[in-house]
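Residue-level listing of the chains:
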Amino acid sequence: MILLIVVGVFSAIFTYLWRLWSLREKRQSELREIVARKRAERDESVKFAQKSAEKLEKSKFDQISVMSFEELKENLQNGSISCLEAVRTYYQKAILANKSTNSICMFILESEKWAEEWDEKAKNQEGFVKPPLFGVPFSLKECVPIKGYDQTRGFVQDTFRPTPVDSVLVEQLKLLGAIPFCQTNVPQSLLSFNCSNPVYGLTKHPLNPERTPGGSSGGESALLAANGSVIGIGGDVGGSIRIPCAFTGTAGIKPSHLRFSHRGVCGSVPGRPLINSNDGPMAKDIKTSIELLKILWNDTWISDQDPYVPPVVWNEKEFSKTSPLRIGYYIDDGWFTPTPMVQRAVLEAKEILEAKGHILVPFRVPNAYNVMFMFLRAVCVDAGSFLSRKLMNDIIDPLLYTQVLLWMIPLPIQRLFAWMANVFFPRLGNIMRAMTLNTAQLRQTYADIEAYRSEFTQLMKDKNIDALLCPPTVTPALPHVMASKLFTATSYTGIFNLLDFAAGVVPVTRVCKEDLQKLEDEYEEHDLWYKIAKNGSRDSLGLPIAVQVATPPFKEEVCLRILRDIEQDAKFQ
Ligand SMILES: CCCCCC/C=C\CCCCCCCC(=O)NCCO
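Residues numbered from 1 in each chain as written. Predicted model: local features only at pLDDT ≥ 70, side-chain atom pairs only at ≥ 80, totals over all residues. Heavy atoms only, no water.

### Focus on the UniProt feature "binding site: substrate" (unreviewed entry) in the protein chain
The UniProt record annotates "binding site: substrate" (unreviewed entry) at Leu-190, Ser-216, Val-237, Gly-238, Gly-239 and Ser-240. In three dimensions, the annotated residues from a span of 51 residues occupy one location, with a maximal C-alpha spread of 10.7 Å. Apart from the residues lying within four places of it in its own chain, the contact partners of Ser-216 are Lys-141, Asn-185, Val-186, Pro-187, Leu-190, Ser-192, Gly-235, Ser-240 and Pro-244. Mapped onto the secondary structure, Gly-239 falls in the loop between strand S6 (231-236) and helix H8 (242-248). Gly-239 has contacts with Gly-215, Pro-244, Thr-493 and Asn-497, leaving out every residue within four places of it along the chain. (UniProt positions renumbered as here; feature names shortened; annotations may be inferred. Contact = heavy atoms within 4.5 Å. Helix = DSSP H or I, 4+ residues; strand = E, 2+ residues; numbered from the N terminus.)

### Re the site of the ligand
As a structural note, the neighbourhood of the ligand is formed by 18 residues, with Leu-190, Ser-216, Val-237, Gly-238 and Ser-240 the closest of them. At a separation of 2.8 Å, an oxygen atom of the ligand approaches a polar backbone atom of Val-237. In this structure, Gly-238 approaches the ligand through a main-chain N or O atom, which is 2.7 Å from an oxygen atom. Protein contacts shield 98% of the accessible area of the ligand, which totals 600 Å² for the unbound molecule. Those elements giving two or more residues to the shell around the ligand turn out to be helix H13 (368-380) and helix H15 (401-408). For the shell around the ligand, the element with the most residues is H15, which contributes 3 residues. Considered class by class, the residues forming the shell around the ligand number 10 nonpolar, 7 polar and 1 charged. (Near = heavy atom within 4 Å. Polar contact = N/O pair within 3.5 Å; in protein donor to acceptor, adjacent residues only side chain to side chain. Areas by Shrake-Rupley, 256 points an atom, 1.4 Å probe, with all protein chains shown as cover. Nonpolar A, V, L, I, M, F, W, Y, C, P; charged D, E, K, R; others polar.)

### Quick word on the UniProt feature "domain: Amidase" (unreviewed entry) in the protein chain
In the numbering adopted here, UniProt assigns the feature "domain: Amidase" (unreviewed entry) to residues 85-560. Counting secondary structure, residues 85-560 comes out at 43% helix and 13% strand; the distance between its end C-alpha atoms is 31 Å.

### With respect to the packing of aromatic side chains
This structure, assessed with the given rule, holds 20 aromatic pairs. Geometrically, the ring pair formed by Phe-260 and Trp-297 is tilted, given 5.5 Å between the ring centres and 45 degrees between the ring planes. With Phe-260 in the loop between strand S7 (251-254) and strand S8 (278-283) and Trp-297 in the loop between helix H9 (286-296) and helix H10 (301-305), the pair connects residues that are 37 residues apart, well separated along the chain. Grouping residues by exposure puts Phe-260 and Trp-297 together as buried. Summarising the aromatic geometry, the rings of Trp-335 and Tyr-369 are spaced 5.0 Å apart at their centres and angled 80 degrees between planes, so their arrangement reads as edge-to-face. Of the two residues, Trp-335 sits in the loop between strand S9 (326-329) and helix H12 (340-355) while Tyr-369 sits in helix H13, which places them 34 residues apart along the sequence. Note on Trp-335: relative accessible area 2%, which makes it buried. Taking relative accessible area as the criterion, Tyr-369 reaches 36% and is therefore assigned partly exposed. Among the aromatic residues, those joined into a ring-pair cluster are Tyr-330, Phe-363, Tyr-452, Phe-456, Phe-496 and Phe-501. Positioned over the ring face of Phe-160 is Arg-37, at 4.7 Å from the centre of the ring. Lying over the aromatic face of Phe-160, Lys-38 brings its terminal NZ or CZ to 4.6 Å of the ring centre. (Phe/Tyr/Trp six-rings, centres within 6.5 Å; stacked < 30°, edge-to-face > 60°. Buried < 20%, exposed > 50% of the residue type's maximum accessible area, 1.4 Å probe, protein only. Lys NZ or Arg CZ within 6 Å of the ring centre and 35° of its normal.)

### A few points about the nonpolar core
Among the nonpolar cores identified, the biggest contains 166 residues, and Leu-72, Phe-336, Leu-469, Phe-496 and Ile-566 are the most heavily contacted of them. For this core, the element with the most residues is H13, which contributes 10 residues. Dropping the residues within four chain positions of it, Phe-496 is found in contact with Arg-242, Lys-254, Tyr-330, Leu-468, Cys-470, Phe-501, Ala-503, Gln-548 and Ala-550. (Core = buried A, V, L, I, M, F, W, Y, C linked by side-chain atoms within 4.5 Å.)

### A word on the domain arrangement of the protein chain
Annotation of the protein chain at the domain level lists domain 1 (35-314), domain 2 (323-368 + 444-569) and domain 3 (382-435). For domain 1 versus domain 3, the distance between C-alpha centres works out to 33 Å. Facing the 19 residues of domain 1 at the interface are 13 residues of domain 3. Among the residues domain 1 hides against domain 3, the three largest losses belong to Phe-155, Gln-157 and Gln-188. Together they make up 35% of the total. Seen at the junction of domain 1 and domain 3, the total is 1 salt bridge. Salt-bridge contacts for Lys-390 lead to Asp-158; the nearest nitrogen and oxygen are separated by 2.9 Å. (Domains from an automatic or database assignment. Buried area = accessible area lost by both parts, 1.4 Å probe. Salt bridge = Lys/Arg side-chain N within 4 Å of Asp/Glu carboxyl O.)

### Things to note about a nonpolar patch on the surface
Where nonpolar side chains cluster on the molecular surface, the patch consists of Met-1, Ile-5, Val-9, Ile-13, Tyr-16, Leu-17 and Leu-20 and spans about 750 Å² of accessible area. By relative accessible area, which is 42% here, Leu-20 ends up partly exposed. (Patch = residues over 30% accessible without salt bridge, like charges linked within 9 Å, V, L, I, M, F, W, Y side chains within 5 Å.)

### Quick look at the pattern of salt bridges
Tallying each qualifying case throughout the model produces 27 salt bridges. The partner of Arg-27 in a salt bridge is Glu-30, and the shortest N-O contact between them spans 3.1 Å. One end of the pair, Arg-27, and the other, Glu-30, are both in helix H1 (residues 2-54), 3 residues apart, so they sit about a helical turn from each other. Given the relative accessible area of 25%, Arg-27 is considered partly exposed. Between Arg-344 and Glu-348 there is a salt bridge, and its shortest N-O distance comes to 2.7 Å. Of this pair, Arg-344 and Glu-348 are both found in helix H12, 4 residues apart, which corresponds to roughly one turn of the helix.

### A short note on the pairing of strand S13 (residues 544-551)
Counting buried positions along S13 yields 8 of 8 residues, so the element is predominantly enclosed. The alternating pattern of S13 places Pro-544, Ala-546, Gln-548 and Ala-550 and Ile-545, Val-547, Val-549 and Thr-551 on opposite faces, both of which are buried. Sheet topology places strand S11 (residues 467-470) next to S13; 3 bridges connect them, and they run antiparallel. Among the inter-strand pairings, Cys-470 is bridged to a residue of S13, identified as Gln-548. Relative to S13, strand S12 (residues 502-510) runs antiparallel, the two being bridged by 8 bridges. Counted as the bridge partner of Ala-503 is Ala-550 from S13. (Pairing = 2+ DSSP bridges.)

### Considering the side chain of Thr-159
In this fold, Thr-159 is placed in the loop between strand S2 (137-141) and helix H6 (168-175). Using a relative accessible area of 6% as the deciding quantity, one classes Thr-159 as buried. There is a polar contact of 2.7 Å between the side chain of Thr-159 and the backbone oxygen of Val-156. Apart from residues lying up to four places away in sequence, Thr-159 is in contact with Ile-34, Lys-38, Asp-150, Thr-152 and Val-199.

Following this line, the structure appears as structure tokens:
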């Protein structure tokens, strides 16, 4: 009798699990078929761009392809090149860049027609005044809403669901004459700083295919670094503009979140207050982003469309001041000591700024351990359950396994691990306590973040500090698989989302032999994360290293002024 009951229970469990497994297999095969259709659509879009590009004369391509953003704008304004020629040049350049990086999700098919329409207006419309971005080709991170195109964020389940309207930023860019011509790749979920997903695949670093160009705006950084675009729009909730720029030697800024509209923007976790994401420009240099932001913030157009955006326009007076600034700097945030190359870059940028007359003072990040804890709790909001549900209904990208595994561990077991980890790996213990158990804990964390914002800004006021100079992350560009294992290196960028500061990066140097020697001799490896950071930084000779500058909300112009000052004198080639 007992035997019969035992056999009965086991076969019921087995049947249940088998049913679950076969349902999942069925779904996975449906998803694989969707991926095949999407990839075929992408191939068609590449073919379209290739065919269009072939219609451009080689001499025109040679002339346009070396123009900077400023030169491109000028030549389009004075009519020496047409919008169609500019767009076709960038189709060609992007196709070339895409071959080595796999950075493009889709070419925007309408871009050819938009270019022709602008050319037609310029030629035949009486009294037509060219808008300031007339004919300039733009790339867009895949999650930036553009009408008629998917914003999958790397989820197969979100393919073939084209967005019905442009985001406010895309609408503004188009009105100003810009031509969005392609969408660039992201990591699945956007909450990662590598760049791979089951829909569009793995994006590679232009200088080393074994390494990641960063994430989540990694398609954008790879395309820019490989000369496939002259300017693009990324998005950042914990470093997704700044880390890809730092890894690839490009430059960009995440403004404080109310300087752009968020209408219709699908983030990684919808319904997340306090840890604010924002779109921002990315380019080969910060000068280009400055030129763009001057145009976008020239008037109150954005707040006229979206009343939730305060009518703050470009503050030229603040930007063009020549008086010295007081800048706090740190090379270590107290949570994750950066590798020697990253520390050296900050010290070099400090020297550049001092030579320009700025006053640099040491700064200590208050309560750094708690910052990472608050950031992770508030960035995931519901302990990862929104993302886990989405991932369970999808093909999970292998590069996301570490994070998924952590999210999947039941919360009481996470807490048990935290208690055990405290003994031998206290930083992991801190992280394993970060997912919220209930809304009371979450509310308390929100209150703590608000208190931290007050404490931090008061500290800056007391010390009379205008801005901060610090590392953007702890390593040079990492091997693909290591980035998701080192998600806690986002402490350097995440803090400025938590504070809702403006924060940008510029490259200042490249990894040299002395850095690598110091890495071997001096860099610690007393826990797993340090070991990964050390391993991942080996063999990185020549990779770019950047610094980060941050300023309180609505002080983007000060942040950009400092980034420009660094860029002007940094010996980065
Ligand atoms: C038990 C702990 C589980 C923690 C799982 C880790 C979850 C998140 C890691 C956060 C990494 C932040 C990367 C931010 C990338 C970014 O800025 N994305 C932009 C989205 O628009």
